[in-house]
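In case you want the letters, here they are:
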Amino acid sequence: MATRKPRGAYAKGTAKREEILERAIEAFGRTGYHATSMREIAQACNLSQAGLLHHFPNKESLLLEIVQLRDNHHLDPRTPEELSPKESKVRYLEQVQLNQEQEALTRLWANLVGEATDKAHPAHEYFKERYRRSRENFEKVLAKMNGRENPNREDRLKAQLFIAMWDGLQNQWLIDEYFDMKPAFEYAIDMFSSYSEAIEK
């Protein structure tokens, strides 16, 4: 009996943390990080503010936990160098599908990107690094699609446009429930490679 109680308490605590994260994702996505209070999140979780602070000492720690949670979820952990052009395309399309399935989290990300343009925002450095990493990854994908070992200037420019396109299509989808971003996204991948037949290899 003595050994089971901690396990039960641990499981209950883990479940409550997951609930807090879910409610925080919804609240941050709906009203933004700055406009959401810890009191609001606590109420959504049927907790006192002190109870919420037991799990997360402040709002910044809660946000960073959400960021870490998303970063730990990878559809395919392989690097661009380890994927064929066709596998890279499949991975991007699967990520689009996952983003659509996780609408609350995707909405939160779209709002955070706007807020994080403020250098004082707690997620500013995270998004700065994330955009840099995303551009570098797609540069490598484009180089491989076009038979080059290393990205060139055109690959770098196309990668910048591709990331902007991704955000733009995603925002249209978040605003308009009748908008399907997947066909345009797939077309864009083919368009950004100089010759789309490389993807079939």
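Note that the structure is predicted; figures quoted are calculated from it, not measured.

### Quick look at the overall build of the chain
A count of helices and strands for the chain gives nine helices and zero strands. Counted from the first residue to the last, the chain has its helices and strands arranged as α-α-α-α-α-α-α-α-α. The proportion of buried residues among the 201 residues of the chain is 38%. As displayed, the chain offers around 11900 Å² of accessible surface, 52% of which is attributable to carbon and sulfur atoms.

### Comments concerning the environment of Ala188
Topologically, Ala188 is positioned in helix H9 (residues 182-192). What makes Ala188 buried here is its relative accessible area of 4%. The spatial distance from the C-alpha of Ala188 to the C-alpha of Trp166 is 9.2 Å, given a sequence separation of 22 residues.

### What about the nonpolar core?
Counting 25 residues, the largest nonpolar core has Phe28, Ile41, Leu62, Ile66, Leu108 and Trp109 as its most contacted members. Put simply, the parts of the chain that give this core at least two residues each are helix H1 (4-31), helix H2 (38-44), helix H4 (59-71), helix H6 (103-115) and helix H7 (124-145). The residues contacting Leu62, other than those within four sequence positions of it, are Ile20, Leu21, Ala24, Phe28, Met38, Ile41 and Phe56. Formed by 19 residues, the second largest nonpolar core is a distinct cluster that contains Val96, Phe162, Met165 and Ile189.

### Some points on the packing of H6 against helix H8 (residues 153-175)
In contact at an axis separation of 11 Å, H6 and H8 are set at 120° when each is read in the N-to-C sense. Relative to H8, the element H6 is oriented oblique. Crossing geometry of H6 relative to H8 is assigned as left-handed. Contacts between H6 and H8 pair Glu103, Thr106, Arg107 and Ala110 from the former with Gln170, Asn171, Trp173 and Leu174 from the latter. Classifying every residue of the contact of H6 with H8 gives three nonpolar, three polar and two charged.

### Observations concerning H8
Spanning 23 residues, H8 covers 34 Å between terminal C-alpha atoms, matching the ideal 33 Å at 1.5 Å per step. Summarising the contacts, the buried residues of H8 are in contact with helix H5 (85-101), H6, H7 and H9.

### A short note on the packing of aromatic side chains
Applying the stated criterion across every chain yields a total of 12 aromatic pairs. With 5.4 Å between their ring centres and 55° between their planes, Phe28 and Tyr33 make a pair best called tilted. Joined through ring pairs, the aromatic side chains of Tyr92, Phe138, Phe162, Trp166, Phe185 and Phe192 make up one cluster. For Lys59, the ring lying beneath its charged end belongs to Tyr33, and the centroid distance is 4.5 Å.

### Considering H9
All of the buried residues along H9 are Phe185, Ala188, Ile189 and Phe192. An end-on view of H9 places all buried positions within 100° of arc, on one side of the element. Exposed positions of H9 whose direction lies more than 90 degrees from the buried face are Pro183 and Tyr187. Residues of H9 that are buried make contact with H5, H7 and H8.

Analysis parameters
Residues numbered from 1 in each chain as written. Predicted model: local features only at pLDDT ≥ 70, side-chain atom pairs only at ≥ 80, totals over all residues. Heavy atoms only, no water. Helix = DSSP H or I, 4+ residues; strand = E, 2+ residues; numbered from the N terminus. Buried < 20%, exposed > 50% of the residue type's maximum accessible area, 1.4 Å probe, protein only. Areas by Shrake-Rupley, 256 points an atom, 1.4 Å probe, with all protein chains shown as cover. Core = buried A, V, L, I, M, F, W, Y, C linked by side-chain atoms within 4.5 Å. Contact = heavy atoms within 4.5 Å. Axes fitted to C-alpha atoms, helices over the stretch in contact; angles between N-to-C directions. Parallel < 35°, antiparallel > 145°, perpendicular 65-115°, else oblique. Left-handed = near helix turned anticlockwise from the far one by under 90°. Nonpolar A, V, L, I, M, F, W, Y, C, P; charged D, E, K, R; others polar. Expected span 1.5 Å × (residues − 1). Phe/Tyr/Trp six-rings, centres within 6.5 Å; stacked < 30°, edge-to-face > 60°. Lys NZ or Arg CZ within 6 Å of the ring centre and 35° of its normal. Arc of directions from axis to C-beta.

Interpretation note: all reported values are geometric properties and have no functional meaning in isolation.
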